[in-house]
Amino acid sequence: MTRTLRTLPIPTGSGVSDVLPHLRQVLDGSGSAAWLPVPASDRREARRLGDALAPGEPIGDDIALVVTTSGTTGVPKGAMLTASALRASGDATHERLGGPGSWLLALPTHHIAGLQVLLRSLLAGTEPTVVDVSGGFLPEALAGAIAGMRGERRYTSLVPTQLIKVLEAPAAAAALAELDAVLIGGAAIPAPVHERARDAGINVVRTYGMSETCGGCVYDGVPLTGARVRIEDDRILLGGDMLAAGYRNIPDHPAFAEPGWFRTDDAGVFSDGVLRVLGRLDEAISTGGLLVIPQVVEAVLATHPAVSECVVLGLPDERLGQRVAVAVVPAPGTAPTLDDIRAHVSAELDSVAVPRELTLVEEIPLLGPGKPDRGALRRQLAESPS
């Protein structure tokens, strides 16, 4: 029987229970279809994903799920995931965390992080607790949801922007501290936010991975059982049991050119079994003939008391090629200046990394769960620099 790819509209709220039978088939590899999760509430995005990934057409018999990478421009890539890869990811996660447990879902469900909350729940034989984020994430909803969770072990998965909001809501932070682990992924967590979470008693586990690896496959810098990491020319390569079988719509993509490995766009260092992610190679800023990794500068700025959130990026510059600019969400009651920002960065990094431009913003636009939309910010900064 030839397997075909079919769309699976997934709601954000309690309606996710309707798709759990299909996700059970995903894990056991049964049925005649592989599934393409799409947002039930966003017809335009669902249509865009369908146009790119050809539901209704045949697909490999071992493929259970096609998950798109984050992004709203260009052609979306669909990572083809097998049932064995998804089971390996869920089992390795539970092994690292101390055993199966119940899961709280507070993420969009058609991205890999939200899907994994549902899949891990099924693997553990538990019913997921769902926080409806269709109207945005409200920390106040966490306390009641967590109070209703059952089982000896309880987990959730969030992105850094959600954790920042939780830390501003004492009742939500106290509730989150009751969980056995809070996975944080989608983007790097600023060191001061991590410290605040630890001080609040929240057991944060930093995850690194992507749709192409069934989500996080490196926890707190250490690969999960079955995951492999190596560095080649400063670039992170990931392999192992959780690896996707390639892209549905780009069969010869160079990221999968080496069998058993996925070439990421991230720079990193892997030493003594611990991975340190430095930042995105494709986001590096070329200024005056030198390269600046934005995430390195962001990590320094995150320690500034007036910086709540920030994104560093390059803007066109006639003399330098690109100049380093930064968008900052100020901490409540503060108004950081460019001189403040420059002095703070220059105390830690070389002068080439010091921002030449600052724009204060109310919030950071996101592209997928937790990832800053650098394109939107670049347009915003180019139109209204301070």
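Quick caveat, the model's predicted, so the values are computed rather than measured. (Residues numbered from 1 in each chain as written. Predicted model: local features only at pLDDT ≥ 70, side-chain atom pairs only at ≥ 80, totals over all residues. Heavy atoms only, no water.)

Q: I tried to follow the pattern of salt bridges on my own but got confused; where do I start?
A: Any two side chains of opposite charge can pair if their charged atoms end up close together. Taken as a whole, this structure holds 16 salt bridges when the rule is applied. Of the charged contacts in the structure, one is a salt bridge between Glu45 and Arg48, with a shortest N-O distance of 3.0 Å. Taken together, the residues Glu45 and Arg48, both in helix α2 (residues 43–53) and 3 residues apart, mark about one turn of the helix. By the burial criterion, Glu45 is buried, and Arg48 matches it. Of the charged contacts, one joins Arg323 and Asp317 as a salt bridge, the two residues approaching to 3.7 Å between their closest N and O atoms. The exposure class of Arg323 is partly exposed, given its relative accessible area of 21%. One network of salt bridges, in which partners are shared, links Arg235, Asp265, Asp266, Arg280 and Asp282. (Salt bridge = Lys/Arg side-chain N within 4 Å of Asp/Glu carboxyl O. Helix = DSSP H or I, 4+ residues; strand = E, 2+ residues; numbered from the N terminus. Buried < 20%, exposed > 50% of the residue type's maximum accessible area, 1.4 Å probe, protein only.)

Q: What should I look at first to understand helix α5 (residues 140–147) in this one?
A: Structurally, the α-helix is built with 3.6 residues per turn, so residues lying three or four positions apart point the same way. Taken together, the buried positions of α5 are occupied by Leu142, Ala145 and Ile146. Projection of α5 onto a plane perpendicular to its axis shows the buried side chains occupying an angular sector of 95°, all on one side. Residues of α5 that are exposed and angled more than 90 degrees away from the buried face: Glu140, Gly144 and Ala147. Packing partners of the buried residues in α5 comprise β5 (102–105), β6 (129–130), β7 (154–158), α6 (160–167) and α7 (170–176). (Arc of directions from axis to C-beta. Contact = heavy atoms within 4.5 Å.)

Q: What's the story with the side chain of Glu212 in this structure? I'm lost.
A: Along the chain, Glu212 falls in the loop between β9 (204–210) and β10 (215–219). Lys77 provides the closest opposite charge to the buried, unpaired Glu212, separated from it by 5.4 Å. If sequence neighbours within four positions are ignored, Glu212 has contacts with Thr69, Lys77, Ala79, Met242, Leu243, Ala244, Tyr247, Phe256 and Phe262. (Lys, Arg positive; Asp, Glu negative; His and termini not counted.)

Q: Hey, could you run me through the packing of aromatic side chains in this one?
A: Each aromatic ring pair is specified by the distance between its two centres and by the angle formed by the two planes. Taken as a whole, this structure holds 3 aromatic pairs when the rule is applied. Ring centres 5.0 Å apart and planes at 45° place the aromatic pair Trp103 and Tyr155 in the tilted group. In this pair, Trp103 is assigned in strand β5 and Tyr155 in strand β7, connecting sequence segments 52 residues apart. For Trp103, a relative accessible area of 0% translates into the label buried. Taking 5.0 Å as the distance between ring centres and 85° as the angle between the ring planes, the aromatic pair formed by Tyr247 and Phe256 counts as edge-to-face. (Phe/Tyr/Trp six-rings, centres within 6.5 Å; stacked < 30°, edge-to-face > 60°.)

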